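Tertiary structure, described
Below are the chains, spelled out letter by letter.
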Amino acid sequence: MTSTSRRQFAGALWISAIILLNACGSTDSGKSVVMSTQPDPQSEIVKSPIDNREYASIVLDNQLEVMLVSDPSIEKSAAALSVAVGSLQEPKEFGGLAHYLEHMLFLGTTSYPNVGDYSEFISRNGGSQNAYTELDHTNYMVAVNNDAYDEALSRFSGFFYEAILDENYADKERNAVHSEWTMKSPNDWVILQQLNGTTLNPEHPISQFNWGNLDSLVDKENNKLQTALETMYNKYYSANLMKAAMVSHLPIEEMKKLAQAHFSKIPNKNTPRPQMTVSVAKPEHLKKVVHYIPQTDMKQVRINFVIKNNAQQFAVKPNGYVNYLLANEMPGTLASVLRDQGLSEAVYSNFDANEYGNAGSFTLYIDLTETGVQNRDKVMGAVVKYLALLRQDGVNPRYFTEIKQSLSNSFRFKEKTNDYSYAMKIAANLQHIPAEYVLSSAYEYQRFNPAVIQDVLDQLILDNARIFYIDKQQQGDQDMQYFAGKYSVHDINSELEHKWQKLSQQFALTLPRANSLMPDSFELVDAKYTDKPQQLVAEKGHSVHLGHSALFQQPKGRLTLDLNTGLTKTTAKNHVLASLLGRGLGQKLTELQSEAGAAGMGLNTSLSNGLSLTTSGFTDKQGLLITRALNQILNLDISESELANLKASFKSDIESSKRQILLNQLFPKFSQVSKLDAFSDEALLAEVDAIVPADIKLFRDQLLKQGNLRVFAFGNYSEQQVLEMSNLVLKRLPEDREIADVYQTPLLVVAPGTTYNWQEDVAMTDIGLIDAHLAPRNDADLAAARVLSQIIRPALFKQIRTEEQLAYAVGFFGQTFREQMLVAYYIQSPAKGLAEVNERIALFRKQFSQQLAAVTPEEFATTKNSILITLNQPAKNLSEEMGEFTGDWRDQRWSFDSQDKLIAAIEKTTLGDVINLYQRIQGGKDFGRVLIQMRGTKFADRDFIEPKGAIKVEDIDSFHQQLK
C-alpha cells in the first residue's frame, strides 16, 4: 500500500525554493554588474502553451495552500497532500519513525475507523492510493472515479486531523515496515544511500537509519514508540506545513468548495517549518575514499560532492548547466574518452540542491568495465582533469543557449501525465516552489549567469568530495548497522592526489561540441489514420503500419524498425551473441543517444526476436538520427579488449541477478521457465568464453540477412516520411535475404489439471512465490479475470499483509499470455516458509469464495463501471494512445481491436461469471498451474510446496527440450 521513495536521482528534477539572492557578473567592458538569480515576477501560474487545463492556487483559512487543476476531459479525479516532515525530523532513537507514521495513517480515522475500508473503497471506485516518505517531506496520494471524488476526499483528508493511530495495530505495521526493509535492504543502491549518510557528520540526521525495522521501532527505556509516534503526528501534521493538489473534471469554483469542505478541517498548529542547523560535513568528513564491498557484482566509482544549498536559483540553473557538461557524451568529453579507452560502461551525474537541508549534493557516477576496475586511479585522473577543464573553460553562453532551447522545446510541447502522478508531483514541489512556477520551474532558464555556474564548478573539488570505490576487490573492515555491507574509509592524501594528477596527463579531453540534432521545424502533418493504424506495405519480408493521433496535435512520434528473426533464440550461443552484440551497440550508440536526448528525441536498440531500432520524440530529424544509427550498426567493430569487457559485464549481470530482491528474481524466473526458447544461466555461461570478435560481426550480418522488416509508426509522420525511413533500412539490408515468417517466442502451454513446479534455494533471506494458473484465452474469461482482480486485491492485501503481517509485497493479477489467459498470486515474505505461506493463502482463497458471493449488485456494478471508466478514459499523451495498438501490432492482430473486444466483454460480465471463473481456478480442472518457489536462507529448513502429482522442473534446458 505504502512505499518509501528514495533519492537516487532526485536532483535531475531541478526543483527548488525561492530565496532572493544576487550574484555578481561582469559586462564585456569589465564593469561589475549585479545579475539576479531570482525568477521574473509572474502574476499567474505559468503553464505550457499547449496545456488547456485551468489552474488556480488558493490558501485556506488554516494556511494550507492548495493547487487546483480543472480538466473536464478526465474520468478520474486525484488529490495529493505533502507534509514538510520526513526522515530528517525523526528522533535518533526511533529510526524510521516518519515512515512508520506514514503507514499508520492508512489504518483508520475517527469517521472511518474500520481497517481496510479505505483500500476497499478506493479499489471499488477504480482508484489508486499510496504514500512515500522522503528526507524532508511525506506525500500522500489518491485517485478515484469522478463520482466518488467527494467521499474519497472525506476519507483521505481525515488522515491529517483524525487519524486513530491504533496501538492495537502497532505490531502489525511495524512488521509491514520491517518487511519492506528486509525486501529492499540487500539492494546496493539502498545500502550506498545509507553509507553516504553514515560517512558524513554523525550529528546530522542524514547519518541515522531511516527505513525502520523491528529493532529500531521498539519502546525505549525513557520513551514509548506510541508516544513518539503521536508526538510527531501532533507536532508536524499541521496545516501550515502542508501543501495539497487537486486534479478533477470539476470547474475551479466547485473544487474550491471541496477543498474548503475537506482540507480546512486540518488544524493549524503554527508549527515552525523544520530547519537544519547542523553541518552535514565538517572538513574531517570530506576528502575521503570510501571502499565498499557490494552485495552484487557492482563495479563503480562514485564521486559525491557536498555543495552549498542553491535551490533558490532554479531560474538560472547553475546545477543543471554543470550537470549537462559533466556527463555529456559528446566526443572528447570525460564520458566519451573513458568509454573509448574501455574503462567505463556509462557515466552519469545528478544533483539535489537541498538534499541535506542546509546543503546539497552533486554526484558523478562511473560504471566501470573490468578494465576500469583494474585502473581506478587512471579513471580518477581523467575525472580530475575534466573537472579542472570545466572550471577553467566550461562557462560559455553557447551551452546556455543549447540547454535553454532544449528546455523550451520540452515545455512548449509538454504532454499530460497520469493525473495521480501529476497531483503527487505538484504537492511535493509546492513545498519548495511558489505556485506561479510550480509547473514550469524544471524548464525555466531565464538568463545566463556565469558567476553562479562558476561558483558550483569551484565547489567540485577534492576538498568537498568523498570518492566511493565499489567492487568486489575492495577491502572493508567496518560493519553497517542493519545492512550487510562492509566498508572502510581512507584519506585522500597528497601522494594519491599527485598520482591522479600524473595519470591525468594521459588524457586529451575537450568540452562538448554543438548539438546537431536540435529540431528546426515543428510542422504538423495531415492526420489521416486516426481510427486505427493503416498498413502501407504488405510484402514478403517487409510490412509497414502508420497510425495518427486522434487526440494530440504534436510534432512528435514513435517509430519502430524491427528486423524480426528467431536467430537470436535458436541456441544458447546465439542468446549470448545477441546479448554481447546488444551491449556492444549500446556502447557505440551512447554518444548519439545522448545528443538525441538533449534534442528531445529517444534512440533505443534491443535484441530479442531479432534486432529492433526505435526512435521517438520530435519527428523533424528522426530520419537523420536513423541514418547515423544505421551507419554505426553496420560499421560496428568490436576489439578483443572491448569484447573482454562485454563478456565480463554479461557474466557480472547473471551473477548479480542472484542477489536482487526476490520479486526481481521471481518474475524473470517465471519468464525463463515459460518461454520455451530460453536457456538456463549455466547453459549461457558455458558459451561465453569461446566467443571471438569475428563471431559478433558474423552474427550481426546474419541478423541483417534474415531480418523480416516490420515497421510501426505512430504520430507526426506522413506516409512518405515513414516509407522513406523504412527504405533507409531496406536499402542497407543484403539483397539475398533469407526471409522466414515472423518469429514469436513459443510459450509454455499447461494442460488443464497439470502442475509444473520449480523449486530453488536462493542466497537471499526471504521466500518468494508465484502461483500461476493458465487456460486458453477467450474474451469472456479475460473480462471476468479483470473484474476478479479488482475485487480480490484489496481483500488479499488486508488479510495477508495487514492482518497476518506475512509480507510487504503480495498481490494478484490477470492478463493475456498471448493465446492463453494467466491469473496469478505472488508474494515475498520474511515471516514464514513457503509451505506455511501457501497454507495461509489457501485459507484466504477458500474464505474469499464467501466474500465473493456476498458482493452486492451495487458493489459489483460500481467495480465493473470503474474498470470500464479506466479502459474508456482518453489517453493522457501520445505514448498512452499508441499503447492501445502496440500489443496488437506485435502479435500481428491487424484489426487492432483487442481493447474494444475486452471492453465489450466486460460490459456483459456478471457477478455469476466472476464467481464461476474463481471456482474454476480453485477447482484446477480447467487450468494448468505453474509454481515458482524461491526459498531463502532464513527458511532453508522449511518445506517447499509439494502439490500432489506436480511435475518438478529441475533443469530448464532439458525441460524445454522435452517440450519441443
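Data block above holds the structure.
It is worth spelling out the overall build of the protein chain at this point. Counting its secondary structure elements, the protein chain contains 30 helices and 27 strands. Its C-alpha atoms give the protein chain a radius of gyration of 28 Å, within 12% of the compact-globule value 30 Å for 964 residues. Looking at the protein chain as a whole, 59% of its 964 residues are labelled buried. Contacts spanning at least 24 positions in sequence make up 83% of the contacts within the protein chain whose residues lie at least 6 apart. In the structure as shown, the protein chain presents an accessible area of about 37600 Å², 48% of it carried by carbon and sulfur atoms.

Before going further, it helps to examine unusual backbone geometry. For Lys317, which is not glycine, the phi torsion reads 45° and is therefore positive. Tracing the chain through its elements places Lys317 in the loop between strand E10 (300-308) and helix H8 (318-326). Non-glycine residue Gln805 carries a positive phi angle of around 50°. If you trace the backbone, Gln805 turns up in the loop between helix H24 (779-803) and strand E24 (809-817). You can call Gln805 buried: its relative accessible area is 19%.

The next thing to look at is the sheet that holds strand E5 (residues 76-83). Strand order across the open sheet formed by six strands is E3-E4-E8-E5-E7-E6, with mixed pairing between neighbours. Two strands close off the open sheet at either side, each with one partner strand: strand E3 (54-59) and strand E6 (128-133). Averaged over neighbouring strand pairs, the angle between their axes works out to 10° when direction is ignored. Pairing geometry for E5 and strand E8 (residues 242-248), over six bridges, is antiparallel. Bridge pairing in E8 places Leu81 opposite Ala244.

Pairing is mixed in the open sheet, where six strands are placed in the order E24-E25-E23-E26-E22-E27. Each having just a single partner strand, E24 and strand E27 (951-953) make up the two edges of the open sheet. Averaged over all pairs of adjacent strands, the angle between their axes in this sheet comes to 15°, without regard to strand direction. Inspection of the sheet shows strand E23 (residues 767-776) paired to strand E25 (residues 820-829) by 10 bridges, in the antiparallel sense.

Applying the stated criterion across every chain yields a total of 40 aromatic pairs. Their ring planes at 20° and their centres at 6.4 Å tell us that Phe712 and Phe896 sit as a pair that is stacked. Placement of the pair is Phe712 in strand E21 (residues 708-715) and Phe896 in the loop between helix H27 (878-890) and helix H28 (898-908), with a sequence separation of 184 residues. Look at Phe896 and you get buried, because its relative accessible area is 4%. Ring geometry for Trp894 versus Phe896: centroids 6.4 Å apart, planes at 45°, classification tilted. For Trp894, a relative accessible area of 30% translates into the label partly exposed. Three or more aromatic residues joined by ring pairs form one cluster here, namely Phe106, Tyr118, Tyr140, Phe156, Phe159, Phe160, Tyr233, Tyr237 and Phe263. Positioned above the aromatic ring of Phe121 is the side chain of Arg155, whose terminal nitrogen or guanidinium carbon lies 4.5 Å from the ring centre. Between Arg376 and the ring centre of Tyr469, over which it is positioned, the NZ or CZ distance is 5.2 Å.

The biggest cluster of nonpolar side chains holds 60 residues, and the ones touching the most others in it are Tyr237 and Phe263. Excluding residues within four positions of it along the chain, Phe263 makes contact with Leu60, Asn62, Leu64, Leu81, Leu153, Phe156, Ser157, Ala244, Met246 and Leu258. Core analysis: the second largest hydrophobic core is formed by 54 residues, Tyr529, Ala572, Leu589 and Tyr717 among them.

Of the volumes computed, that of the second largest pocket is approximately 1400 Å³. As for the second largest pocket, its lining consists of 49 residues, and the residues nearest its centre are Gly126, Gly127, Ser128, Arg793 and Thr870. Elements that contribute at least two residues to the lining of the second largest pocket include exactly helix H2 (117-124), E6, helix H13 (419-429), H24, E24, helix H26 (857-872), H27 and H28. At six residues, H24 tops the list of elements feeding residues into the lining of the second largest pocket. Considered class by class, the residues forming the lining of the second largest pocket number 21 nonpolar, 18 polar and 10 charged.

Turning our eyes to something else, we now look at the packing of helix H19 (residues 640-657) against helix H21 (residues 681-688). Packing of H19 against H21 leaves a shortest axis separation of 11 Å and a crossing angle of 165°. By the angle between their axes, H19 is roughly antiparallel relative to H21. Judged by the twist between their axes, the crossing of H19 over H21 is left-handed. For the pair H19 and H21, the contacting residues are Lys647, Phe650, Lys651 and Ile654 in the first and Asp681, Leu684, Leu685 and Val688 in the second.

The next thing to look at is the pairing of E5. Where burial is concerned, most of E5 is hidden: eight out of the eight residues are buried. Here E5 shows no split at all, with Lys76, Ala78, Ala80 and Ser82 on one side and Ser77, Ala79, Leu81 and Val83 on the other all buried. Relative to strand E7 (residues 138-145), E5 runs antiparallel, the two sharing eight bridges. Bridge pairing links Ala78 to Ala143 in E7.

The topology assignment puts Thr745 in the loop between helix H23 (719-730) and strand E22 (755-761). Excluding residues that lie within four positions of it along the chain, Thr745 makes contacts with Lys569, Asn609, Lys675, Asp677 and Arg818.

In this model, helix H12 (residues 397-412) (16 residues) spans 22 Å end to end at C-alpha, consistent with the 22 Å of a helix rising 1.5 Å per residue. Taken together, the buried positions of H12 are occupied by Tyr399, Phe400, Glu402, Ile403, Ser406, Leu407, Asn409 and Phe411. The elements touched by buried residues of H12 are H8, helix H17 (590-598) and strand E20 (610-618). At the N-terminal end of H12, a side-chain oxygen is found 2.8 Å from the backbone nitrogen of Arg398, two or three residues along, and the residue is Asn396.

So, on to the pairing of strand E26 (residues 928-935). Counting buried residues along E26, eight of its eight residues qualify, which places the element largely inside the surrounding structure. Across the two faces of E26 the burial is the same, with Gly928, Val930, Ile932 and Met934 and Arg929, Leu931, Gln933 and Arg935 all buried. Here E22 runs beside E26; their pairing, made up of seven bridges, is parallel. The residue bridging Asn757 from the neighbouring strand is Leu931, located in E26. In this structure, E23 lies alongside E26, joined through eight bridges in antiparallel fashion. The partner of Ile770 across the bridge, within E26, is Ile932.

For the rest of this paragraph, the subject is the environment of Leu703. With respect to the helices and strands, Leu703 occurs in helix H22 (residues 693-706). Contact partners of Leu703, with chain neighbours within four places excluded, come to Thr565, Leu567, Thr568, Leu581, Leu607 and Gly610.

This part covers the environment of Leu963. If you trace the backbone, Leu963 turns up in helix H30 (residues 956-963). Exposure remark for Leu963: the relative accessible area of 36% places this residue in the partly exposed category. Along the backbone, Leu963 and Leu676 are 287 residues apart, and their C-alpha atoms lie at a distance of 8.0 Å. Setting aside residues no more than four positions away along its own chain, Leu963 makes contact with Leu676, Leu748 and Tyr756.

Looking now at the environment of Gln392. Locating Gln392 in the fold gives a position in helix H11 (residues 376-393). Overall, the relative accessible area of 65% leaves Gln392 in the exposed class. Between the alpha carbons of Gln392 and Val337 there is a distance of 19 Å; along the sequence they are 55 residues apart.

Between the first and last C-alpha of H22 there are 20 Å, a value that for 14 residues agrees with the 20 Å anticipated at 1.5 Å per step. Those residues of H22 that sit buried are Pro693, Asp695, Ile696, Phe699, Arg700, Leu703 and Leu704. Looking at the packing, one finds that the buried side of H22 touches strand E18 (556-564), helix H16 (572-588), strand E19 (601-608), E20, helix H18 (622-634) and H19.

Here the structure, examined in full by the defined rule, presents 48 salt bridges. Here Lys243 and Glu65 are joined by a salt bridge, their closest N and O atoms 2.9 Å apart. Of this pair, Lys243 sits in strand E8 while Glu65 sits in strand E4 (residues 65-70), placing them 178 residues apart in sequence. Judged by relative accessible area, Glu65 falls into the buried class, the value being 13%. The shortest N-O distance in the salt bridge between Lys705 and Glu738 comes to 3.7 Å. With Lys705 in helix H22 and Glu738 in the loop between H23 and E22, this pair connects stretches of sequence that are 33 residues apart. The exposure class assigned to Glu738 is partly exposed, which follows from its relative accessible area of 45%.

What counts and how
- Residues numbered from 1 in each chain as written.
- Predicted model: local features only at pLDDT ≥ 70, side-chain atom pairs only at ≥ 80, totals over all residues.
- Heavy atoms only, no water.
- Helix = DSSP H or I, 4+ residues; strand = E, 2+ residues; numbered from the N terminus.
- Rg over C-alpha atoms; globule rule 2.2 N^0.38 Å.
- Buried < 20%, exposed > 50% of the residue type's maximum accessible area, 1.4 Å probe, protein only.
- Contact = heavy atoms within 4.5 Å.
- Areas by Shrake-Rupley, 256 points an atom, 1.4 Å probe, with all protein chains shown as cover.
- Pairing = 2+ DSSP bridges.
- Axes fitted to C-alpha atoms, helices over the stretch in contact; angles between N-to-C directions.
- Phe/Tyr/Trp six-rings, centres within 6.5 Å; stacked < 30°, edge-to-face > 60°.
- Lys NZ or Arg CZ within 6 Å of the ring centre and 35° of its normal.
- Core = buried A, V, L, I, M, F, W, Y, C linked by side-chain atoms within 4.5 Å.
- 1 Å grid on protein atoms, 1.4 Å probe; cavity = no way out; pocket = protein on both sides within 12 Å on 5 of 7 lines; lining within 4 Å.
- Points joined across faces, edges and corners; volume = space filled by probe spheres on them.
- Nonpolar A, V, L, I, M, F, W, Y, C, P; charged D, E, K, R; others polar.
- Parallel < 35°, antiparallel > 145°, perpendicular 65-115°, else oblique.
- Left-handed = near helix turned anticlockwise from the far one by under 90°.
- Expected span 1.5 Å × (residues − 1).
- Polar contact = N/O pair within 3.5 Å; in protein donor to acceptor, adjacent residues only side chain to side chain.
- Salt bridge = Lys/Arg side-chain N within 4 Å of Asp/Glu carboxyl O.

So far we have only geometry, and geometry alone does not tell us how the molecule works.
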